Amino acid sequence: MDESEDFGPWLGRQLRRRDMTQAELATRVGVTRAAVSAWITGRAQPRPDTVRLIADAFDTDLATVYERTSDAVAARPVTWYHRPAHADGGREFGNAAAFAFDADLGVLAREATQNSLDERRDPMRPVRVRYILHELTGEHLRSFLDAVRWESLKAHYAAAATTDQKVGRALAEGLREMEASGSLLLLRVDDYNANGLTGPEYEDGRFAAVVRRQLDSHKGDNHRAGGSYGLGKATLWATSRLGLVLINSTLAVPHEGRTARRLIGRLDLPWREVGGEAFAGPAWFGEPDSDRAFENVSRSWWGVEQETTNLHLEREGEDPGTSFLVVGAHDAAAVAAGDEGLQAMHDKLCDSLAENFWAAMTGTDTVPPLLEVSVRTLRNGCELIPETRVSPEQRRPALARALRAYLAGETVTELTSRTDVVERAVTLTVPPLRTDGKGATSVTHDAVLLLTPADDSDRTHSQVVSMRGNRMRITSRRPRDLSLGVEPYQAVLLAGFATARDGEDVVRAEAFLRASEPPEHNRWEWTEELSDTYVRGAKRRLDEFRVAADNAVRAIVGVRAVTSTAGAGPELLRSLLKLTAATGGGRTVARRGRGYPAVDDIDGEVDTTGAWSLRVRVAVPQQDDPWHLSPTACFGAGGSDSGSPVRWAELTAVENCSFAKDVLVIAPGVRYAMFSGVTDVDSHPVTASRTNVTVSLRKAVEGAARP
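Since we're looking at a predicted model, the values are computed, not measured.

> Help me understand the nonpolar core in this model?
As a rule of thumb, nonpolar side chains are buried together in soluble globular proteins. In terms of nonpolar packing, the biggest core is built from 73 residues, with Y131, L187, L371, L449, L493 and F512 touching the most fellow members. When residues in this core are grouped by element, the largest group, eight residues, is from helix α19 (residues 538-557). Look past the residues within four positions of L187 in its chain and what remains in contact with it is L105, L108, Y131, I132, L133, F324, L325, V326, A329 and L349. Counting 31 residues, the second largest nonpolar core, distinct from the first, contains L136, Y157, L171 and L267.

Dropping the structure here:
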């Protein structure tokens, strides 16, 4: 590839970097100013003897002028540029886009990896994503802070931390923690075989979309993209307690004649006053721009290896892609749960990547996976936790088996063994666009449902995992009205490009489902974009699609029972599951009570430790306020009044709910929720497999502990 920059733009930049006018260069090389202007605009080229004089004028060699893959004038020292406050007095106390997501490592892993998938360069190879947690202390920390010019930022941080706003309080806590602990946690996200941050500094392109702009996804021409709002990149800054992210990008397409080590930093702070001068919020770390239109604004610079090493941004090889370094990384959800520490963060990243991208990581001998991911943890440059490659075969074996069978063309029509994978078509009717005009008709798309018996190691099963595009998990849900007597299974619903098919129906289905997703891309539902884009009835088409998928599951699991490797064990255990719900006063109510949430369905098994591993669906009546409930597990024939309560070892939100410690929280407007729980073996009065288990719901009492 010829990476040489065009002569005109290169020459113009050298003049600006040297503060030399066109007239001054013309005098030095013995031509008219008009001739220099013609070179810069590309209307003419200098003769070879004049090129030598141009090299002399810039104190460089001929090769630099002819190759134009580097600047002839030395780089300016990198520095921080802080955006001045708005002239009209407007103030922003934080980046609103960062509030769209929680400061959660699991959310970061989902959003950042999705963006890397969307930027995959060579379709014949997977994009490789690596997460590196790196704790710095002592001299290692001091060296890093020197590299980012920390001293010049102190006054800005001090001013920003005093603002009585959420961002200011978070900054104050982050600074206090760094000072008290004497440590700083970095989280680097590297991707390879991606496009990199290509494009100009300020105009349209990937670089400007990520570094300079908000709500610019720059994915308009990528119909397979998982993201569409341009919000995902904000999770990088939201995960930084200091609001600071550094970037090193290797470009797939040269910019200014170069591809390697395009460096920039961005800092998101609230409005502040420093030294009597007001600043709007963001700041950039880079080389002062020599262009008069952006004079002294910090722009990206082409770094050397030592700079990337000092900034902990070194990349492996020349494969294009980008490294994002989150400075002061933290996991607010883990802090709230008291589950901190590098090992916990390492494991959480692995779990989130496996949950959301097992399908993208699955391939066959002839169909390569779309993605490879790994997690590594360091302390002061030394490996603390070895690199862990996330394997779908190890973490989601049955689901991976189902997808591999589909990609290899090895699905069957009926379950007859523990390794069979059944394939069914599920019709999605895509309504016409509002712009299609009168007389436009709907398009039918055959999505693909895959179902296989669950693996013995599966903690969560008997749900339909739905996806589109690059096969990132959108949602998981349990089909309605499914008998409790069915064997545990794993099911995958592939729609749009996730079917690995092409065609107009695939394109239309992909766009329709993407329009039905909220910014989190975690469900298919009515959205304003769906209403604005499609004719009336779009929400009904989604409901029909959901019902069709449920019907397909029931048709498969009801055809023939699969012989369990545990003999009659699963059937016996299911006979021990009971449904109940209790009011705040403890009175047992009907299974589908109208005025209070009720346990609608329950499934589970006794795991290898002897604990009940349960999955519970809750039917929720409508009210204006959130529900706060305490789920109780009991051994014995009745509810919590007549059975023996046992403690929970683990409670996990699955769908439409969350947990605040042990309190189940369900937002207003939700009609059902799902959670999973594992009982504490030490609290069992008898062996789990010898008694039935009941799950009850009570109104949460403030300060209540686990039973």
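> Would you mind going over the confidence of the model for the chain with me for this structure?
One rule of thumb: low pLDDT means the predicted coordinates there are not for detailed reading. In this model, the chain carries a mean pLDDT of 85, and residues with pLDDT of at least 70 account for 87%. Segment residues 581-594: pLDDT under 50, and 32 contacts once partners within four positions in sequence are set aside and those in other chains are kept. The low-confidence segment residues 703-707, where pLDDT is below 50, has ten contacts with residues more than four positions distant or belonging to other chains.

> Hey, could you run me through the sheet that holds strand β13 (residues 422-430) in this one?
Strand pairs in the sheet, formed through backbone hydrogen bonds, run parallel or antiparallel to each other. A sheet is described by the order of its strands in space; here five strands give the open sequence β13-β14-β17-β15-β16, paired in mixed fashion. Each edge of the sheet is formed by a strand with only one pairing partner; in this case those strands are β13 and β16 (472-477). Here the average twist between neighbouring strands, direction ignored, is 25 degrees. Where α19 meets the sheet, its contacts fall on β13, β14 (443-453), β15 (464-468), β16 and β17 (489-494), and the angle it forms with β13 comes to roughly 165 degrees.

> Just to check I follow, could you spell out the environment of N551 for this structure?
Take N551: it is sitting in helix α19. Given the relative accessible area of 37%, N551 is considered partly exposed. Through-space distance from the C-alpha of N551 to that of D481 is 9.6 Å; in sequence the pair is 70 residues apart.

> In this structure, what is going on with the side chain of D191? I would like to understand it.
Within the fold, D191 resides in strand β3 (residues 183-192). Buried charged residue D191 carries no salt bridge. Nearest counter-charge: R315, at 4.9 Å. Side-chain polar atoms of D191 contact the side chain of S116, separated by 2.8 Å. A polar side-chain atom of D191 sits 2.7 Å from the main-chain amide nitrogen of T322. In contact with D191, not counting residues within four places along its chain, are S116, V127, R128, V129, R315, P320, G321 and T322.

> What is the right way to read the sheet that holds strand β19 (residues 598-606) from this model?
As summarised here, the arrangement of the four strands in space is β19-β20-β26-β23, forming an open sheet in which the pairing is antiparallel. Only two strands of the sheet have a single neighbouring strand rather than two, namely β19 and β23 (648-655). Looking at each pair of strands side by side, their axes are set apart by 20 degrees on average, direction ignored. Relative to strand β26 (residues 672-679), strand β20 (residues 612-619) is paired through seven bridges, and the arrangement is antiparallel. Opposite V616, over in β26, you have F675 as the bridge partner.

> What is the right way to look at the pairing of strand β10 (residues 321-329) in this model?
Strand residues, when the strand is regular, have side chains that alternate between the two faces of the sheet. Within β10, nine of the nine residues are buried, leaving the element largely enclosed by the surrounding structure. Pairing of β3 with β10 involves five bridges; the strand directions are antiparallel. When the bridges of β10 are listed, L187 appears paired with V326. Here eight bridges tie strand β4 (residues 240-250) to β10, and the two strands are oriented antiparallel to one another. Bridge pairing links I247 to F324 in β10.

> Help me out: how do you make sense of unusual backbone geometry in this one?
Trans peptide bonds make up most of the peptide bonds, and negative phi angles are found at most residues other than glycine. Positive phi, normally seen in glycine, also occurs at N296, with a value near 70 degrees. By secondary structure assignment, the location of N296 is in the loop between β7 (277-288) and β8 (298-299). Phi at N656 takes a positive value of approximately 60 degrees, unusual for a residue other than glycine. Within the secondary structure layout, N656 lies in the loop between β23 and β24 (658-660). Take N656: its relative accessible area is 31%, and that puts it in the partly exposed class.

> I tried to follow the packing of helix α8 (residues 150-161) against helix α9 (residues 166-181) on my own but got confused; where do I start?
When two helices pack together, you describe them by how their axes are tilted relative to each other and by the distance separating the axes. Across the interface, α8 lies against α9 with an axial gap of 8 Å and an inter-helix angle of 135 degrees. It follows that α8 is oblique to α9 by the angle criterion. Here the hand of the crossing between α8 and α9 comes out left-handed. Two secondary-structure elements touch here, α8 through W150, Y157, A160 and A161 and α9 through G168, L171, A172, L175 and M178. For the contact of α8 with α9, a count of residues per class yields eight nonpolar, one polar and no charged.

> Teacher, can you tell me more about the pattern of salt bridges here?
Pairs may arise between side chains of opposite charge once their charged atoms sit close together. In total, this model carries 48 salt bridges according to the counting rule given. Put simply, D351 and R395 hold a salt bridge, and the shortest N to O gap is 3.0 Å. Taken together, the residues D351 in helix α14 (residues 342-357) and R395 in helix α15 (residues 392-395) connect sequence positions 44 residues apart. Residue D351 is classed as partly exposed on the basis of its relative accessible area, which comes to 42%. In this structure, E383 engages R376 in a salt bridge whose closest nitrogen and oxygen atoms are separated by 2.9 Å.

> Explain the side chain of N193 here, please?
By the secondary structure assignment, N193 is in the loop between β3 and α10 (206-211). Residue N193 is classed as buried on the basis of its relative accessible area, which comes to 1%. Each residue touching N193, except ones within four places of it in the same chain, is listed here: E119, R120, R121, D122, R125, P126, V127, D319 and P320.

Definitions and limits used
- Residues numbered from 1 in each chain as written.
- Predicted model: local features only at pLDDT ≥ 70, side-chain atom pairs only at ≥ 80, totals over all residues.
- Heavy atoms only, no water.
- Core = buried A, V, L, I, M, F, W, Y, C linked by side-chain atoms within 4.5 Å.
- Buried < 20%, exposed > 50% of the residue type's maximum accessible area, 1.4 Å probe, protein only.
- Helix = DSSP H or I, 4+ residues; strand = E, 2+ residues; numbered from the N terminus.
- Contact = heavy atoms within 4.5 Å.
- pLDDT = per-residue confidence, 0-100.
- Pairing = 2+ DSSP bridges.
- Axes fitted to C-alpha atoms, helices over the stretch in contact; angles between N-to-C directions.
- Lys, Arg positive; Asp, Glu negative; His and termini not counted.
- Salt bridge = Lys/Arg side-chain N within 4 Å of Asp/Glu carboxyl O.
- Polar contact = N/O pair within 3.5 Å; in protein donor to acceptor, adjacent residues only side chain to side chain.
- Parallel < 35°, antiparallel > 145°, perpendicular 65-115°, else oblique.
- Left-handed = near helix turned anticlockwise from the far one by under 90°.
- Nonpolar A, V, L, I, M, F, W, Y, C, P; charged D, E, K, R; others polar.

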